[in-house]
Amino acid sequence: MLSYIILIAIQFAVAFLGAPQVLAYIPVSGDMRTFAHAAVFAVLVWLVGLLGSFVLKDVRQPGTGSLLLALVFALFGAAIIIFAPQALNAIPLKFPQLYVPLFGAMLGYLIRR
């Protein structure tokens, strides 16, 4: 259990700090940039999970289903940001909007474990 908590913290840090570095090489703008951000979040979360499975004890190796589910949940989070911003405004806790696809990617990864 402790291994998964460490993995979640590392996934969050790497995805949140690494996505802008990767997106510098992807020429998109506007609303599509949010979807590209979500896709990069999902891939980075999955890659960290893959590397974490080799380093951390009791963390199983993720498969392609984990990547697919992380991608679907992250894109769903990006769609909420673009198409339903009033849903985010209804939440009393304020946080950066890009946390939604990031948490979606992490949730999708963990569901498939």
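Nothing here was measured: the structure is a model prediction, and the numbers come from that model. Here the residue numbers are simple positions, counted from 1 along each chain's written sequence. Restriction of local features to residues with pLDDT of at least 70 applies here, the model being predicted, together with a cutoff of 80 or more for giving and counting side-chain atom pairs; totals for whole chains, interfaces and linings are based on all residues. As a rule here, side-chain values cover all heavy atoms of the structure and leave hydrogens and water aside.

Quick look at the packing of helix α3 (residues 64-83) against helix α5 (residues 99-111)
Helix-helix packing is characterised by the crossing angle of the two axes and by the distance between the axes.
No. 1: Between N-to-C directions, angles cover 0 to 180 degrees, with each direction set by a line fitted to C-alpha atoms, over the stretch in contact for helices. Secondary structure elements are taken from DSSP: a helix is a run of H or I of four residues or more, a strand is a run of E of two residues or more, and numbering for both begins at the N terminus. Two elements in contact, α3 and α5, have axes separated by 7 Å at closest approach and are oriented at 155 degrees. Judged on the interaxial angle alone, α5 and α3 are roughly antiparallel. The element α3 and its partner α5 pack so that their crossing is right-handed. Residue-level inspection shows Ser66, Leu69, Ala70, Phe73, Ala74, Gly77, Ala78 and Ile81 of α3 in contact with α5, the latter providing Val100, Pro101, Gly104, Ala105, Leu107, Gly108, Tyr109 and Ile111.
No. 2: For the contact of α3 with α5, a count of residues per class yields 12 nonpolar, 4 polar and no charged. Oblique is the label for any angle not covered by the other classes, which are roughly parallel (under 35 degrees), roughly antiparallel (over 145) and roughly perpendicular (65 to 115). The hand of a helix crossing depends on one turn: near helix anticlockwise from the far one by less than a right angle means left-handed, and clockwise means right-handed. The contact criterion used is simple: two residues touch if any of their non-hydrogen atoms lie within 4.5 Å. For this scheme, ten residues count as nonpolar: Ala, Val, Leu, Ile, Met, Phe, Trp, Tyr, Cys and Pro. Four count as charged, namely Asp, Glu, Lys and Arg, and the remainder, Gly too, count as polar.

Considering the packing of aromatic side chains
No. 1: Pairing of aromatic side chains here covers Phe, Tyr and the six-membered ring of Trp, requires ring centres within 6.5 Å, and sorts the geometry by plane angle: under 30 degrees stacked, over 60 edge-to-face, intermediate tilted. Inspection of every chain in the model, using the stated rule, returns 6 aromatic pairs.
No. 2: Ring geometry for Phe16 and Tyr99: centres 5.3 Å apart, planes at 70 degrees, overall edge-to-face. Of the two residues, Phe16 sits in helix α1 (residues 2-23) while Tyr99 sits in helix α5, which places them 83 residues apart along the sequence.

Some thoughts on the packing of α1 against α5
No. 1: Two numbers describe how α1 lies on α5: the axes approach to 11 Å, and their chain directions differ by 145 degrees. As for the relative orientation of α1 and α5, their crossing is right-handed in sense. For the pair formed by α1 and α5, the contact residues are Tyr4, Leu7, Ile8, Gln11, Phe12, Ala15 and Phe16 on the first element and Tyr99, Leu102, Phe103, Met106, Tyr109 and Leu110 on the second.
No. 2: Of the residues assigned to the contact of α1 with α5, the class counts are 12 nonpolar, 1 polar and no charged.

Describing α1
No. 1: The span one expects for a helix is its residue count, reduced by one, times 1.5 Å. Taking 1.5 Å per residue as the helical rise, α1 with its 22 residues ought to reach 32 Å, and the 31 Å between its terminal C-alpha atoms agrees with that figure.
No. 2: Of all bends in α1, the biggest is about 30 degrees, found at Leu17, and the proline Pro20 comes one to four residues later.
No. 3: We call a residue buried when its accessible area falls under 20% of the maximum for its residue type, exposed when it is over 50%, and partly exposed in between, using a 1.4 Å probe and counting protein chains only. Every buried residue of α1 is listed here: Ser3, Tyr4, Leu7, Gln11, Ala15, Gly18, Ala19 and Leu23. Consider a residue and the seven residues that end there alongside the seven that start there; fitting an axis to each set, the bend is the angle between those axes.

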